[in-house]
Amino acid sequence: VVGTDTGVGKTVVTGALTRLLQERGIRVGVMKPVETGCEVRDGWLVPEDASWLAGLAYPDPGTVLERVCPVRYALPAAPAVAARHEGHMLDWPAIVAAADTLARDAQVLLLEGAGGALVPLDDEHTILDAAARLAEQRLAQAGIQLTLGGEPTVVPLDPSGDGWSITADGPS
């Protein structure tokens, strides 16, 4: 689930999908691989959105939060910008390892992006790369992009064209 702006509803939609799937007896995992705009509390960066999602999906959210959101930045900006500003680059291997671990216990793993589908996570990766990694495991076959305007469209989820994405208007 990705969106072109802060507050467009990515977390709410991801949470609603989590509950909907759980009500149907499906084991759901959630992941927000990168969160920016995190608050510093007691010396730790706290990812608000990922924490809320973890609370919906896991019985003991504190034990999985490092995997739900393995990369965090304080600066509320695109992940690549926040990483350069804060002086520590995105840890792609940590994201891949976290996704692999979360996927083992889930029938469906929902992925929430940090911005739109093509927002750079670093100089080499976008959220589509994270989605493609999940698609390799047959866990991610569709995506939802929320925007503040525009016509709904269907676009490839990954370069192989194996998945698809629905772009829908967000709240105005």
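Here we summarise the structure given alongside this text. Bear in mind that the values here come from a model prediction, so they are computed numbers and not experimental data.

Before going further, it helps to spend a moment on the overall build of the protein chain. Within the protein chain, the secondary structure is distributed over six helices and ten strands. Buried residues in the protein chain amount to 48% of all 172 residues. As presented, the protein chain carries roughly 8700 Å² of accessible surface, and 56% of it is formed by carbon and sulfur atoms.

A few words on the nonpolar core. In this structure, M31, Y58, V68 and L90 are the most contacted members of the largest nonpolar core, which totals 35 residues. Those elements that place two or more of their residues in this core are strand 2 (28–31), helix 2 (48–57), helix 3 (65–68), helix 4 (79–86), helix 5 (92–104), strand 7 (108–111) and helix 6 (127–136). Element by element, the count of residues in this core is highest for helix 5, at seven residues. Other than its neighbours up to four places away in sequence, V68 contacts V30, M31, K32, P33, A50, A54, Y58 and L102.

What follows concerns helix 5. The end-to-end C-alpha distance of helix 5 is 19 Å, a good match for the 18 Å that 13 residues give at a rise of 1.5 Å each. Burial in helix 5 covers these residues: W92, I95, V96, A98, A99, D100, L102 and A103.

Turning next to the packing of helix 1 (residues 10–23) against helix 2. Where helix 1 contacts helix 2, the axes come no closer than 10 Å and their chain directions differ by 5°. Here helix 1 lies roughly parallel to helix 2, going by the angle between them. Residues T11, V12, T14, G15, T18, R19 and Q22 of helix 1 form the contact with helix 2, whose participating residues are D49, W52, L53, L56 and A57. For the contact of helix 1 with helix 2, a count of residues per class yields five nonpolar, five polar and two charged.

A few words now on helix 4. Of all the positions in helix 4, only P79, A80, A82 and A83 are classed as buried. Angular distribution of buried residues about the axis of helix 4 spans 165°; they occupy a single face of the element. The elements touched by buried residues of helix 4 are strand 3 (34–35). Of the residues flanking the end of helix 4, it is G87, one or two places downstream, whose phi is positive at about 80°.

This paragraph deals with the pattern of salt bridges. Under the definition given, this model contains six salt bridges. For R41, the salt bridge goes to E48, with nearest N and O atoms at 2.1 Å. According to the relative accessible area criterion, R41 is partly exposed, its value standing at 38%. Three or more residues joined by partner-sharing salt bridges are found here, namely K32, D49 and E112.

About the thresholds
- Residues numbered from 1 in each chain as written.
- Predicted model: local features only at pLDDT ≥ 70, side-chain atom pairs only at ≥ 80, totals over all residues.
- Heavy atoms only, no water.
- Helix = DSSP H or I, 4+ residues; strand = E, 2+ residues; numbered from the N terminus.
- Buried < 20%, exposed > 50% of the residue type's maximum accessible area, 1.4 Å probe, protein only.
- Areas by Shrake-Rupley, 256 points an atom, 1.4 Å probe, with all protein chains shown as cover.
- Core = buried A, V, L, I, M, F, W, Y, C linked by side-chain atoms within 4.5 Å.
- Contact = heavy atoms within 4.5 Å.
- Expected span 1.5 Å × (residues − 1).
- Axes fitted to C-alpha atoms, helices over the stretch in contact; angles between N-to-C directions.
- Parallel < 35°, antiparallel > 145°, perpendicular 65-115°, else oblique.
- Nonpolar A, V, L, I, M, F, W, Y, C, P; charged D, E, K, R; others polar.
- Arc of directions from axis to C-beta.
- Salt bridge = Lys/Arg side-chain N within 4 Å of Asp/Glu carboxyl O.

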